[in-house]
Structures are given as structure tokens and as C-alpha cells.
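Here are the chains, one letter per residue:
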Protein chains: 2
Amino acid sequence: MALKGNGIVAQSGGPTAVINASACGVVQECLRHREIEGIYGAINGVLGILNEEIFDFGDESSSDIEGLKYTPAAALGSCRYKLKSLEDSEEDYARIMEVFRAHTIRYFFYIGGNDSMDTADKIGLLSKRLGYDMKVMGVPKTVDNDLGFTDHCPGYGSVVKFNAAAVMEAGRDTDAIYTTDTCTIIEAMGRNSGWIAGGTALARREEGDAPHLIYMPETVFSTEQFVKDCKDVLSRYGRIFIVAGEGLKDKDGNLLMAHAGAFARDAFGHIQLGGVADILRAIVEKEVRVKARHNKLGTCQREAMHFASKTDRDEAYLCGQMAVKHAVEEDVTGKMVSLVRESDDPYRCSTGLVDLAEVANAEKPVPREWINEAGNFVTEEFIRYVAPLIQGEVDVPMENGLPKYIRLKRKPIPKKCPAS
Amino acid sequence: MALKGNGIVAQSGGPTAVINASACGVVQECLRHREIEGIYGAINGVLGILNEEIFDFGDESSSDIEGLKYTPAAALGSCRYKLKSLEDSEEDYARIMEVFRAHTIRYFFYIGGNDSMDTADKIGLLSKRLGYDMKVMGVPKTVDNDLGFTDHCPGYGSVVKFNAAAVMEAGRDTDAIYTTDTCTIIEAMGRNSGWIAGGTALARREEGDAPHLIYMPETVFSTEQFVKDCKDVLSRYGRIFIVAGEGLKDKDGNLLMAHAGAFARDAFGHIQLGGVADILRAIVEKEVRVKARHNKLGTCQREAMHFASKTDRDEAYLCGQMAVKHAVEEDVTGKMVSLVRESDDPYRCSTGLVDLAEVANAEKPVPREWINEAGNFVTEEFIRYVAPLIQGEVDVPMENGLPKYIRLKRKPIPKKCPAS
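The structure contained in this document is the topic of the report that follows. (Residues numbered from 1 in each chain as written. Chains lettered and ligands numbered in written order. Predicted model: local features only at pLDDT ≥ 70, side-chain atom pairs only at ≥ 80, totals over all residues. Heavy atoms only, no water.)

1. Describing the relation of the copies chain A and chain B
At step 1: If you rotate chain A by 180 degrees and push it 0.0 Å along the axis, it lands on chain B with an RMSD of 0.0 Å. The superposition of one copy onto the other is thereby described by a two-fold rotation axis.
At step 2: When you check the interface residues of chain A against chain B, 100% turn up at the interface there too, and the contact is symmetric in its surfaces. (Least-squares fit on C-alpha atoms with pLDDT ≥ 70 in both. Contact = heavy atoms within 4.5 Å.)

2. Looking at the sheet that holds strand E11 (residues 347-355) of chain B
Residue and element names in this part refer to chain B.
At step 1: The 7 strands are arranged E3-E2-E1-E4-E5-E10-E11 in an open sheet whose pairing can be described as mixed. Pairing within the sheet leaves two strands with one partner each, and these edge strands are strand E3 (54-56) and E11. Mean inter-strand twist for the sheet, computed between neighbouring axes without regard to direction, equals 30 degrees.
At step 2: Of the strand pairs in this sheet, strand E1 (residues 5-11) and strand E2 (residues 36-42) are connected by 4 bridges, and their pairing is parallel. For Val9, the partnering residue across the bridge sits in E2 and is Gly41. (Pairing = 2+ DSSP bridges. Helix = DSSP H or I, 4+ residues; strand = E, 2+ residues; numbered from the N terminus. Axes fitted to C-alpha atoms, helices over the stretch in contact; angles between N-to-C directions.)

3. A look at the pattern of salt bridges
At step 1: The final tally for this structure, using the stated rule, is 62 salt bridges over all chains.
At step 2: Put simply, A:Lys228 and A:Asp232 hold a salt bridge, and the shortest N to O gap is 3.5 Å. Taken together, the residues span about one helical turn, with A:Lys228 and A:Asp232 both in helix H8 (residues 223-237) at a distance of 4 residues.
At step 3: Classification of A:Lys228 by relative accessible area gives partly exposed; the value is 47%.
At step 4: Its relative accessible area of 35% is what places A:Asp232 among the partly exposed residues.
At step 5: One salt bridge connects A:Glu399 with B:Arg205, and the closest N-O pair in it is separated by 3.5 Å. One end of the pair, A:Glu399, is in strand E12 (residues 398-399); the other, B:Arg205, is in the loop between helix H7 (195-199) and strand E7 (213-215), on a second chain.
At step 6: The network of salt bridges with common partners includes A:Glu29, A:Arg32, A:Lys325 and A:Glu329. (Salt bridge = Lys/Arg side-chain N within 4 Å of Asp/Glu carboxyl O. Buried < 20%, exposed > 50% of the residue type's maximum accessible area, 1.4 Å probe, protein only.)

4. Topic: a negative patch on the surface
Residues and elements named next belong to chain A.
At step 1: On the surface, Glu87, Asp88, Glu90 and Glu91 cluster together into a patch of negative charge.
At step 2: Its location among the elements puts Glu87 in the loop between helix H3 (62-67) and helix H4 (90-102).
At step 3: In this structure Glu87 comes out as exposed when scored by relative accessible area, which is 56%. (Patch = residues over 30% accessible without salt bridge, like charges linked within 9 Å, V, L, I, M, F, W, Y side chains within 5 Å. Areas by Shrake-Rupley, 256 points an atom, 1.4 Å probe, with all protein chains shown as cover. Lys, Arg positive; Asp, Glu negative; His and termini not counted. Charge placed at Lys NZ, Arg CZ, Asp CG, Glu CD.)

5. Remarks on the side chain of B:Asn114
Residue and element names in this part refer to chain B.
At step 1: Of note, Asn114 is situated in helix H5 (residues 114-129).
At step 2: Of the residues examined, Asn114 reaches a relative accessible area of 15% and is grouped as buried.
At step 3: In terms of polar contacts, Asn114 uses its side chain to reach the backbone carbonyl oxygen of Ala362, at 2.7 Å.
At step 4: Among residues more than four places away in sequence, those in contact with Asn114 are Asp146, Leu147, Val359, Ala360, Ala362 and Glu363. (Polar contact = N/O pair within 3.5 Å; in protein donor to acceptor, adjacent residues only side chain to side chain.)

6. Description of the interface of chain A and chain B
At step 1: Chain A puts 80 residues into the contact, and the matching count from chain B is 82 residues.
At step 2: Of the roughly 6500 Å² buried between chain A and chain B, counting both surfaces, carbon and sulfur atoms make up 57%.
At step 3: At the junction of chain A and chain B, the tally comes to 10 salt bridges.
At step 4: Where B:Arg302 meets A:Asp173, a salt bridge forms, and the shortest distance between an N and an O atom there is 2.6 Å.
At step 5: Among the elements of the structure, helix H6 (156-177), strand E6 (183-188), helix H9 (256-263), helix H10 (276-288), strand E9 (292-296), helix H11 (298-302), E12 and strand E13 (402-403) of chain A are those that each provide at least two residues to the side of chain A that touches chain B.
At step 6: Per-element accounting of the side of chain A that touches chain B gives the leading share, 13 residues, to H6(A).
At step 7: Looking at side-chain class alone, the side of chain A that touches chain B contains 38 nonpolar, 20 polar and 22 charged residues. (Buried area = accessible area lost by both parts, 1.4 Å probe. Nonpolar A, V, L, I, M, F, W, Y, C, P; charged D, E, K, R; others polar.)

In C-alpha cells:
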């Protein structure tokens, strides 16, 4: 007999285009199980639990819940509040258990990255220690794609699809106007890994297409080599198109951005200007002596549901759904749902389970052998890996020429144990 | 009887998502007129004429020509080569006439902005002076929307549609994660006018939606007022979403970017870092004391055919087509095709004609009364003006999850008068 009680879902960390699809998978699957009596959402992630700011999906319309499938960014609200060990964040963990007990929460579904899996794991351990019977399940989420023990992460396929299209399109711009505007640099997200930057290689279909050069945090960035690479490309194609991961580091492990920090302070105080692309632009103009532009898609890239990957969206939903099925039907707890690739071509992917504690402590960089020797592009293995993840488009309803995304009402339910 | 001979089309200046749709309109309409014997393209704008780098659309497949309707960025190639007065650029103008004569060019269609209309006008004057019978027609193009004597410009609707979607989506990101990442700033193109920045107001559908503040070059930028605006918005919504035109100026007319130049120099020499959004981000962090991010869509915004406006694309085609019809059927020369709005709701737009010389010397800023008194948002008049221009989406063929844009072969025809 499955455990009876309420379920709660929370979203954590940087939002993605498909994080709501995972929430939708959780909620719609919960609604199919009589054991889960009520399904709640935490407003702004774990902060919503700590502050007892919780809403009931029973108060949301089924069309709004369905709309989570095509609405980007954490509709429940997210946060970057980080819990530490059970000892160091004792009060917070105790408070979470207090709120869970007060609302008879027996199922906790946490959608997030490493840190969130760590938090979920500790909540699971604590509930066991306290003899409070509950199931704790993790649902992977990160555009960075750096979670271990899963083939890839929901959110990644969509950010690559949009970035690759942007590279393709801005590449056409450079192709057209290269006689004056010769170099373009796009900065891709990924502070510690080059998964997103590398994925933009998909934009290249023919010799000469953008991107010409891709730099990732997994290899050491050398200004000398960079200038040489640029000059080579320039002599071959008459133009240069570069994608740079935001977390590029030099041989001493210093972020390229930090270099800028040393001199880019304003008249008042200590304000740092210039991200990686801006710095590379400056290097190109100074050392290669051609006009360069930089584009920084920033948070637009991770929320671009108007051009998201259907494959990614469907897998995000599936991960949410499977978390519920495993917990309710198989009594599973303390696990994250993972994506398991069955084959590349035709692409087939199923789900698995992995211990929360394992995921919490692992970070998965791009394998060195998936980056070419020169460290300025990806190999065929990378392309084979990433290509299936951007397939298909998501149907987004339109209104007056723009997407018609939903908003949850998020009406807070009465508090049962206000914080003292 | 219409003039018999060859036609040539050239693209100039910064490319747009729909500049090829205009070229397609020119080419396909030319093919319908027997008087136009061959239809050529200049490779890289006026440079292609000067260097006699010309290709024949007869060598292109009809499916590639049709593909110009959904392929962004100048497929013929563009340039920023600026011709001056007939006296100051005498040699260039003489060379253009030499090439035109050699290839029996009797129709010249120039797709571009102010400067291009000026060049086209002068070519028309010179041909008359030399007694060489030819028709010169201008086709408007600019994402900046700052051409006078036309209701709006092809290219503008698409850049607004994409930027508004990006603001809507990045706005959702800020809504979700505002408890730490409280402020987001997006930099929109438009060095001298706020048409693009202002158009992003369309993303706001409900109270509290992004964007909260829009700054345009038409009003004086005051750091004091800006900080006050940010604090007001923060106290109302708990977050701040700002769109800034790249050409913001202070009360002395200095670009905000130039301020940065004063302190953002690197260790080697004289490299300027930081665009407007980056500077505003720094001001927010320093003066409002919340974490701020900035996004700079750069050239991606003007080529975003994957989310372009069908209205814009169709009008771009129409302008190209009408340039040909007027020249061939009505013997018109020395004119640019303009867009004439018949009504807002339902939106109806036809074309007109305007003297090239008139367009060449006019720049159209956003009317002051379309910007609110505080200079931090647009008025309803602006919304009414821009809303119809982003309607509809362009069908782009997809291949492996990304747009399948065409490439013209652009095989140069033999030179008849190589430059000495």
C-alpha cells in the first residue's frame, strides 16, 4: 500500500525553458494517484517551504496546469537559497520538517541541480531519523548539463537549440557584412562547463559556416593561441565567428573575466565591466585589427520557449512524471530520475534512478576527447551526442504576435505553523 | 514602351531578417517583365558594382530565389561603403556608370537606408546628366525604423517581435529568481532612435510584467532619475526589468558608452569595454544595491528569422515588388517605395513613392509625445503604432531541429570592364 498524504513540488536555482514541463509532469501524475490527496507548490523554492508560502494546485485551472508545458521559467518561483549540512543548517531543516508535518506532506518533489539534490537528500535522511514517513524525489534541471549520472539534463537541449539558431542567424549577419564588421563573438552560458558553447557547433552545416571557433572552460585559454586561431580563420574565410563559454580560464585557473576586473573599475568605486565576449572582442580589435562585435544572450537563452526543443520538453515532463510513479507505485525514495540514452540513431531515451547523494557531489565536464586537440572546436562525438537533443519544436499558443504564456494564481493556503 | 535592358539589385548596410524578402520581391517581379532581360545581383552591395562582382539570378534555382523569403541577412552580401557627393566621390560614380553601361543595366534597385537612398539618388542624377537612360529605385530597409516619409521600415517589425519575445521570456526569468537576481537589463539596437527599445513594451500584458522601464535616446538620460526610477519599481514589484536603447545620451549629448570609455581601458592600451546595458547594470549594483544582469542580443536580434513577423516579411517583399512595377510599368525613377498606413484596426497598409533625395536627408526619431513624461516608458500611441507590425509568423523549413536557410550560389559573371 502506497503512503497516503499530500505532495509538494518546488523549483530551484536558475530557471529553464522546460522546468515548468517537469512541474507539470509531477502535478498531472500526482492527480492520477488517489494516495496523493493534495498537490501543493512551494512559492520560490525552498524559501516557500521555510516561509510556509504554499499554494494548492487544486486551486489552479487544468488549462493553466497544462500550460506549464509551454511556459518558460519557474512558474512556481525559484530561489538560490542554499542549505548546508544537517548540522550547519539545523534550524532550516527542522523548519522544513515542521512545515511538512503541519501540512501532512508525504511526497516531496524537488526540481533542480546539484545543490537541490543535496538538500533533498538531507531532507530524506532527516525524515528517516525523525521517524516521519515520507518520499523524497529529485527531478534534474540545468541548462548547464553538468549533472553526473544522467545522460543529459532537461533544459539543455532547448538552450542549445536556441543558441545554435542564434549562431546560425548572427553568422549569416557576419557573412553578409564582413567587409567592415569582420568578427562576431557570442557568449554562451556555462560557468564551469562548455556543454552549451560546444552545442552551438550544430549551427555549422557547410565549410565556412558559423561558428568557426568555440572555446570552453574545460581547456586552458591562451590569448596567444586565440589570436593565432583568429588570424588563421580570417585568412581562410575573410571573417571570424566565435562562441565563448562564459567561464573561460587561463593556465593559472583565473577567470578571463577577473582579468577585466583588474582594470575595468569605474570612477566611483569597484564596478566590473565586461564579460568574456566583450574581453575577446577587445583582444580581437587590438591584436587581429578587425572590427569585432559581441552578443550576450544572457538569460534570454535559457528561457527561449518560442524556439525550444520538443525532445527536451517531453523529457522534462517525463522526468517529473516518473519521479511520482516511482515514489507512489514502487515506494522509491532518496533518488533522482535520470535520463538513460538507449541509442543515438534512431534516438531513444528512457529514465533511470540514481541516489541523490551521488548526484549531489558530482560535476560532469565535457570529456576532453570531445574537444579537438587545439581546444577550439568540438569533435564528431560531441555532435553525435547533442544532435538528437534539439529535435522538434514546441507548440506555443500565440496572441497578438507574441507567445501566450500562462501565469499560475499561486494563492497561498492558510498558514498552519507561522514561523516565530 | 518600357525601357529594355538588364536589372541589378544590391543590398546595403546592416542586414535584417527580411532584407532578402525585398530582394526576392525585386527578382520575382523582374522575372514577370519581358523588358527586363537579365536580372543581376551585386555581390556585397555597391562594392560589387565597383569591383564588377556581379552574379546572374538566371543561374540561381527558383527554389533558392523563393527561399530568400525566409532566409535572414543579406544573401547577396552587403557593405558599409559610403559614397559622398558626386564631386567628392567622382571616381566611384564614374566607375558605377561604366559597369552599368558595360552590362546594359537599365534598372537599378537599391535596398538600404538613408545613405543608400542618397547614393541611388546621385546615380540617378548622374545617369541623366550623362544621357544614359536608366531607372533608379530605392527599397527601404532598416531595423532602426528611422527613415522619414514612410510609416515604418521593413525589418523593424521583425526585430521588435523577437525583442519583445525575448523581454517576455527573460522577464519570466526575473519573475522567478528575483529573490537573488533582482534586476535584468536588455540592450536594444538603435543608436539614434528608440524605436526598437520602445517596441518591447508589447511584452507587457499585465501590471508587473516586464519591461518595467524603457530608456530611449530621444530623451536625456539622467543617472539620478534612473536610480530613482529603479528604486520605485523595486519597491512596487520587488524586481526591476529594464530595456535600454544602445544610444543613450546625457544632458550634454555624450553617449553613456563614452563615459565608460573614460575608465574602462585595459592593461595594454585603449580598449573600451562595456555597452549601455553593462553600464546600467553597474549603476544598479552600486546605487540600488541589488544584483543585476545584462543581456545584449546584438546582431542576433536583427536576423531572428526563426521568430520574424509575417506582416513585416510580406511588406518587405511588397516594397521590392512595387519598386519594379513602378519602374517598368509607369516609367518611375528616382523614388523610394514607402509604406503608407491606411488604418490601425484592422491594420491596412499600402505603398507609396517618395523622392530619394527627400529620404536621404531625413531621420525620424520617436515623437516626444509617444514617450511618457518621465522618459521611462512609451505611451499608448506608440503601442497602437507598433502592435500591428509584429503580427504573424514566418514559416521557416526546418532540418534537424534548426532552420534550413538557403545560400545563393553567386557565381560571378565574366567581367567586361575590369578596373585598371
